[in-house]
Structure formats: structure tokens, C-alpha cells
Amino acid sequence: MILLTHLYDLFLSFCRIGLVAFGGGYAMIPLMRAEFIMARQWLTLGEFLDIIAIAEMTPGPVAINAATYIGYKVAGIPGAAAATLGVITPSVVLILIIAGLFQHFRSSLLVRAIISGIRPAVIGLILSAVLVLGRPVLVDFKAFFISLAAFLLLITGKIRPLPVIGLASLLGLLLY
Amino acid sequence: MKRPGPPPGKIFLAFLKIGAFTFGGGYAMLPLIRETVVEREKWVSDEGFLDIISLTQSVPGALAVNTAVFIGRQLAGVPGALAATAGAVLPSFLIILAVAAFFIRFSQHPLIIKVFMGIRPAVVGLIAYAVILLGKKVIRARARGNGFTVAVASGAFTLVYWFGLNPFLVIIAAAGAGLLYSFFSGGGDGQ
């Protein structure tokens, strides 16, 4: 049964991602790339970028949207369910365990020490994802322009991600 | 529980609405979660909500889901946590199934290809923006020890980008580096 092993793989992959993704959805991008483009080769770089865009454009947590989409693409509706359950399971289990120890957990030196190492590492990982994902995409002047314009609009706080993607899709229609 | 909380069904519906109507995930969802649980339903106090956010950011995973699990648990125990999580996730799940079925079918249509020729570079810009956003947060959170932050960030980048190391290993190594650094520098994360 290829499908069953796929479901199992999807669930485990997303569990692993959910377990180490400190910093929310964006922290998952380099992990998903390592898992689904490099290790398992379920997606191409282009497909992955499309999925991130679709996850941003649809309501709900971006991480859940991306997990559901990738799961669906790999193994249909059961795959979507396996991936979504996988990515939320670590959150649910960890929080139910630590919720009782609320104050203790937050002020724990051990937890703070671990997070103080992981947070900056995640930034380095996302930066490397930008370069890896950007290389095959930024192939002409137009693409470079769209990318830079999106970055500048977001960084100056002028426009939120959703309208930026809307603008970019218009530019795609006009320029290509 | 100190007082009888709302029934899980009500919690489910509140988070269902949040999941169905907020775009952009995580930080974009927090204001709506706050409006619902603090202002409208008065399930959580203002300070309580800030506490919950700071805790949920210390746990791996999607921020919106973490917040839902925690608030649900506080309101109605494990059933509440499951109800809130299911509510926050279900709209995403159903909407993506519909979108994916459509998109996989039409992804080779010339118009869709054009649209995504424009969207792909914008997504690269969006992820670059996330680097700056998270970078600012981390630098601001540390009164001292920014040297360590920069060293770990550039170390992680180098290992993954130039040496092709697995990001999972890098995160585990970074956790170890954080422990060692705090041990030798005598405490916390510099706050």
C-alpha cells in the first residue's frame, strides 16, 4: 500500500516540522524545503513557492494552509488530513503538557537558553531559503523588479502581504 | 477550573470564525483572536492575553494554533483545547481542499501560469521580509549578547546554504549553542 506509507510519511514529516518550528509559519519554510523538495522530492521549488502564495492568499494560519495543500498534492484528501494532523499534533501535545506549568515554563532558564539559540538560527535558515528559492525564480529583470518591489512595499509597512500578492499577480498578467 | 467555562461548542464556533476570516496567519490573526476572546466574550483578561501570547511564542508550531490550544485549555480543559484547535484549523482545511482541487486542475492554463510568474518573485520578496521582521524581533529582545545572535544566525545560514546541512540538525545544534552560551555567560537570554 503506497498510499498508507505516504500518509505515515506525511504525518511524521509534518510532526517533525511542527516540533522544531520555533517562530511560527515562516520558520517552517526552510524545514518544508529540506523535507519535501530535497529529501522526498515531492515538490519542485516552483510548486513550493505557489503553495506558499496560496497559503497566504487563503484565510487561516499559513502553516496549516501549506500543510493541507502539500498533503493533498501528495496523497489526496487523506494526505491533507495526515499532514494537517501532523503539523498541529506537537503544538497540542506540548501545550497541554506545559499549560499546567505556565509560569514555571516561561521563566525557566533552560527553556530561555534553548530558545535564545534557536531563534537566531531560524533567521539564518529562512535567509538561506530566500536565496535557494530565489535563484531559479529571479531569472530576468521583471522578476527581480517584482521581488524587490514586494520586499520594499512590505518593509516600509505600506502594504500587507495579501495585497502585495494581488498586485504581483496583476504584474504577472501584464508583463509575461 | 476556577469557574465554569464556556461549553466546548461555543469555543469551537468562536475559533471557527477566526480561522475563516483572518488572512495572513500568525501575527495577523492575533488582533482578531484578541478581539474575540478579550473584548467580545471576555474569556481572558488583557494581561492574561499578553501572557498567553508570550508563552505560545516559546512553543514551536503555528502561532495561531498554539494560541487556540492554550486558550481552549484554559477555558474548558482538554475538550476546550481540542474544540478551539479544530475550530481554528477546519476552515483552512476545507478552503485549501477546494482551492487545491481547482488549482491542480488549472495550473497549466496560460493565464494561471502568467499570474504565478508574477507571484513567485513576490513570494521570494515576502520571505525576505520575514527575515527582517524576525531579525528585528530577536535583536530587540536582547539587551546584550547580540554578538551571539549574529554568530548563530550567520553560522546557521552558512551551514545550510554553503555546506548543505539539514536544517533540522542545525536547529538542534543551535539549541545546544544557546544552552552552552547561557551556561558560560551566566544566565538567561540577556534580558
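So, how was this worked out
Residues numbered from 1 in each chain as written. Chains lettered and ligands numbered in written order. Predicted model: local features only at pLDDT ≥ 70, side-chain atom pairs only at ≥ 80, totals over all residues. Heavy atoms only, no water. Helix = DSSP H or I, 4+ residues; strand = E, 2+ residues; numbered from the N terminus. Buried < 20%, exposed > 50% of the residue type's maximum accessible area, 1.4 Å probe, protein only. Contact = heavy atoms within 4.5 Å. Areas by Shrake-Rupley, 256 points an atom, 1.4 Å probe, with all protein chains shown as cover. Lys, Arg positive; Asp, Glu negative; His and termini not counted. Charge placed at Lys NZ, Arg CZ, Asp CG, Glu CD. Buried area = accessible area lost by both parts, 1.4 Å probe. Salt bridge = Lys/Arg side-chain N within 4 Å of Asp/Glu carboxyl O. Polar contact = N/O pair within 3.5 Å; in protein donor to acceptor, adjacent residues only side chain to side chain. Domains from an automatic or database assignment. Axes fitted to C-alpha atoms, helices over the stretch in contact; angles between N-to-C directions. Nonpolar A, V, L, I, M, F, W, Y, C, P; charged D, E, K, R; others polar.

Asks: Could you clarify how one ought to interpret the overall build of chain A in this entry?
Replies: Each helix and strand in chain A was counted, giving eight helices and zero strands. Seen in sequence order, chain A has helices and strands lined up from the N terminus as α-α-α-α-α-α-α-α. Reported as C-alpha extents along the three principal axes, the dimensions of chain A are approximately 55 × 45 × 25 Å. Counting across all 176 residues of chain A, residues that qualify as buried make up 58%. Nonlocal contacts in chain A, meaning residues at least 24 apart in sequence, comprise 57% of its contacts between residues at least 6 apart. In the structure as shown, chain A presents an accessible area of about 7100 Å², 74% of it carried by carbon and sulfur atoms. One way to put it: in chain A the 11 positive side-chain charges average out to a point 12 Å from where the 6 negative ones average out.

Asks: Would you mind going over the interface of chain B and chain A with me for this structure?
Replies: A common measure of how large an interface is: the accessible area buried when the components associate. Opposite the 86 residues of chain B that make contact, chain A presents 98 residues. When chain B packs against chain A, close to 8300 Å² is buried across both sides, 80% of that on carbon and sulfur atoms. It is Pro60, Phe168 and Ile171 of chain B in chain B that bury the most area against chain A; as a group they hold 9% of the surface buried on that side. Seen at the junction of chain B and chain A, the total is one salt bridge. For the salt bridge of arginine 120 of chain B with aspartate 50 of chain A, the shortest nitrogen-to-oxygen distance reads 2.8 Å.

Asks: Quick question: what am I supposed to make of the side chain of serine 91 of chain A here?
Replies: Looking at the secondary structure, you find serine 91 of chain A in helix α4 (residues 62-99). Classification of serine 91 of chain A by relative accessible area gives buried; the value is 1%. A distance of 2.6 Å separates the side chain of serine 91 of chain A from the side chain of asparagine 66 of chain B, its partner in a polar contact. In this view, serine 91 of chain A contacts Pro60, Gly61, Ala62, Val65 and Asn66 of chain B; residues no more than four positions away in its chain are not counted.

Asks: Could you clarify how one ought to interpret the domain arrangement of chain A in this entry?
Replies: Residues and elements named next belong to chain A. Structurally, chain A comprises domain 1 (2-137) and domain 2 (139-176). Computed over C-alpha atoms only, the centres of domain 1 and domain 2 are separated by 25 Å. Taking both partners together, domain 1 and domain 2 bury about 430 Å²; carbon and sulfur atoms supply 70% of that area. Three residues, Glu56, Met57 and Val137, lead the burial of domain 1 against domain 2; their summed loss comes to 76% of the area buried on that side.

Asks: Even after reading the chapter, I still don't get the packing of helix α2 (residues 25-39) of chain A against α4 of chain A, so can you show me in this structure?
Replies: Residue and element names in this part refer to chain A. Running from N to C, α2 and α4 cross one another at 35 degrees; their axes reach a closest spacing of 10 Å. Within the contact between the two elements, α2 uses Gly25, Met28, Met32 and Phe36 and α4 uses Ala63, Ala66, Ile70 and Val87. A class-by-class count of the residues in the contact of α2 with α4 yields seven nonpolar, one polar and no charged.

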